[in-house]
Amino acid sequence: MAKKVRVLNLVMLISAMICLVCYDLFRGLWLKGFTSSWFFVLGCINLVYAWKQNVNRKSVIILIVLGLCLGMCADVLLGINFMAGLLCFASGHVMYLTAFYILKRFQWKDVLFIVPVAVLSIYLVTGTPFIQIEDSGLKKLLIGYAVIIACMLAKALSNYCTNKCISTKLILIGSLMFWFSDLMLAIDMFGKSSRLVWVLCSYSYWPAQNLLAHSLYHFVNEQKILQISKE
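As the structure is a prediction and not an experimental result, all values here were calculated from the model.

Novice: When you look at the overall build of the protein chain in this model, what are you seeing that I'm missing?
Specialist: The secondary structure content of the protein chain amounts to eight helices and zero strands. Start at the N end of the protein chain and walk to the C end: the helices and strands fall as α-α-α-α-α-α-α-α. For the protein chain, whose C-alpha radius of gyration is 18 Å, the value lies close to the compact-globule estimate of 17 Å for 231 residues. If you line up the protein chain on its principal axes, its C-alpha atoms span 60 × 45 × 25 Å. Within the protein chain, buried positions represent 49% of all 231 residues. Of the contacts made within the protein chain by residues no fewer than 6 positions apart, 77% connect residues no fewer than 24 positions apart. Accessible surface for the protein chain amounts to roughly 11300 Å². Of this, 71% is attributable to carbon and sulfur atoms.

Novice: Any chance you could explain the environment of Asn81 here in plain terms?
Specialist: Relative to the helices and strands, Asn81 is located in the loop between helix 3 (58-78) and helix 4 (82-103). Take Asn81: its relative accessible area is 38%, and that puts it in the partly exposed class. Once the C-alpha coordinates of Asn81 and Ile61 are considered, the two residues, 20 residues apart in sequence, prove to be 29 Å apart. Within polar-contact distance, the side chain of Asn81 engages the backbone nitrogen of Met83 at 3.2 Å.

Novice: What am I meant to see in the packing of aromatic side chains here?
Specialist: In this description, a pair of aromatic rings is defined by centroid distance and the angle of the planes. Applying the stated criterion to the full structure yields 13 aromatic pairs. Every member of this aromatic cluster is reached through a ring pair, and the members are Tyr23, Phe39, Phe89, Tyr96, Phe178, Trp198, Tyr205 and Trp206. Here Lys58 stacks its cationic end above the ring of Trp51, 5.3 Å away from the centre of that ring. Against the face of Tyr160 rests Lys164, its NZ or CZ located 5.5 Å from the ring centre.

Novice: Help me out: how do you make sense of the pattern of salt bridges in this one?
Specialist: Side-chain pairs of opposite charge can arise where the charged atoms are in close proximity. On inspection of all chains with the given rule, the structure shows three salt bridges. Arg27 is the salt-bridge partner of Asp24, the closest N and O atoms lying 4.0 Å from each other. Residues Asp110 and Lys155 are paired through a salt bridge, measuring 2.9 Å at the closest nitrogen-oxygen approach. Of this pair, Asp110 sits in helix 5 (residues 109-126) while Lys155 sits in helix 6 (residues 136-162), and the two are 45 residues apart along the sequence. Exposure remark for Lys155: the relative accessible area of 1% places this residue in the buried category. Among the charged side chains, a salt-bridge network with shared partners connects Asp24, Arg27 and Arg195.

Novice: Honestly, the nonpolar core in this entry has me stumped. Any pointers?
Specialist: Side chains that are nonpolar tend, in soluble globular proteins, to be buried together. Counting 72 residues, the largest nonpolar core has Ile61, Ile64, Tyr96, Phe100 and Phe178 as the members making the most contacts within it. Within the residue set of this core, elements represented by two or more residues are helix 1 (2-26), helix 2 (29-53), helix 3, helix 4, helix 5, helix 6, helix 7 (166-190) and helix 8 (195-230).

Novice: What's the story with the packing of helix 6 against helix 7 in this structure? I'm lost.
Specialist: When two helices pack together, their arrangement is captured by the angle between the axes and the distance separating the axes. Between helix 6 and helix 7, the least distance of the axes is 8 Å, while the angle of their chain directions is 160°. Comparing their axes, helix 7 and helix 6 come out roughly antiparallel. For the pair helix 6 and helix 7, the sense of crossing is left-handed. The residues of helix 7 that touch helix 6, namely those facing Leu138, Leu142, Tyr145, Ile149, Met152, Leu153, Ala156, Leu157, Asn159 and Tyr160, are Thr168, Lys169, Ile171, Leu172, Ser175, Leu176, Phe178, Trp179, Asp182 and Phe190. Each residue belonging to the contact of helix 6 with helix 7 can be placed in one class, and the counts come to 15 nonpolar, three polar and two charged.

Novice: Explain the confidence of the model for the protein chain to me, please; I cannot follow it from the model alone.
Specialist: Looking at the protein chain as a whole, the pLDDT averages 92, with 100% of positions reaching at least 70. Averaged pLDDT values over the elements of the protein chain bottom out at 91 in helix 6 and peak at 96 in helix 2.

Novice: How should unusual backbone geometry be read in this particular structure?
Specialist: Leave glycine aside and you will find that most residues have negative phi; peptide bonds, for their part, are mostly trans. In the Ramachandran plot, Asn54 falls in the positive-phi region, its phi being about 55° despite a non-glycine side chain. You can see Asn54 is positioned in the loop between helix 2 and helix 3. The backbone phi angle of Arg57 is positive, close to 60°, even though this residue is not glycine. Considering the arrangement of structural elements, one finds Arg57 in the loop between helix 2 and helix 3.

Definitions and cut-offs
Residues numbered from 1 in each chain as written. Predicted model: local features only at pLDDT ≥ 70, side-chain atom pairs only at ≥ 80, totals over all residues. Heavy atoms only, no water. Helix = DSSP H or I, 4+ residues; strand = E, 2+ residues; numbered from the N terminus. Rg over C-alpha atoms; globule rule 2.2 N^0.38 Å. Buried < 20%, exposed > 50% of the residue type's maximum accessible area, 1.4 Å probe, protein only. Contact = heavy atoms within 4.5 Å. Areas by Shrake-Rupley, 256 points an atom, 1.4 Å probe, with all protein chains shown as cover. Polar contact = N/O pair within 3.5 Å; in protein donor to acceptor, adjacent residues only side chain to side chain. Phe/Tyr/Trp six-rings, centres within 6.5 Å; stacked < 30°, edge-to-face > 60°. Lys NZ or Arg CZ within 6 Å of the ring centre and 35° of its normal. Salt bridge = Lys/Arg side-chain N within 4 Å of Asp/Glu carboxyl O. Core = buried A, V, L, I, M, F, W, Y, C linked by side-chain atoms within 4.5 Å. Axes fitted to C-alpha atoms, helices over the stretch in contact; angles between N-to-C directions. Parallel < 35°, antiparallel > 145°, perpendicular 65-115°, else oblique. Left-handed = near helix turned anticlockwise from the far one by under 90°. Nonpolar A, V, L, I, M, F, W, Y, C, P; charged D, E, K, R; others polar. pLDDT = per-residue confidence, 0-100.

Here's what the structure looks like:
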């Protein structure tokens, strides 16, 4: 079954990237939603795989799939109501962050990663000429959002340093790309928008979500090996 699911993962990843190129060429809110549906479906496939393999720690997988679902919804909401989309995205990041802390409980060394990443994120949002936000309420909201995704990236980095395996590596890469794409999105919406900024945002965001979804396949396999070794 593992080989079939691996092939299905690869097919989904390739198809998702083809769909992203189509969205880049033709745009449209419905096509954006369809592009985002690929990473959610991929997450669901790996959730089913986890159930079939009867692995432990399914809560981690469920929370990440919920984060993927919220991300898919946020992509559509951003084109309808920006604030609703932003809050939906923030909720998705909370799901990811919770999953990362279930994967590895809080350690004081996490702070060594969280503080510099959070400070850098806040500075990039509020202290650079690339992003100009006049509304104080919106600025506070974006700062809160920046802190949440900074914590997500920092915890992914801490988890990888603790346990260097395929799933934690993919989660780290996906989180880093997600953090970068959100920075590009902020520049696109509140700074000097350009084709380059849009491309950097899009071609880091959708691959990031798909990497997070694909990491679940490797997480299931790693959990299965761990369970067998304990028997």
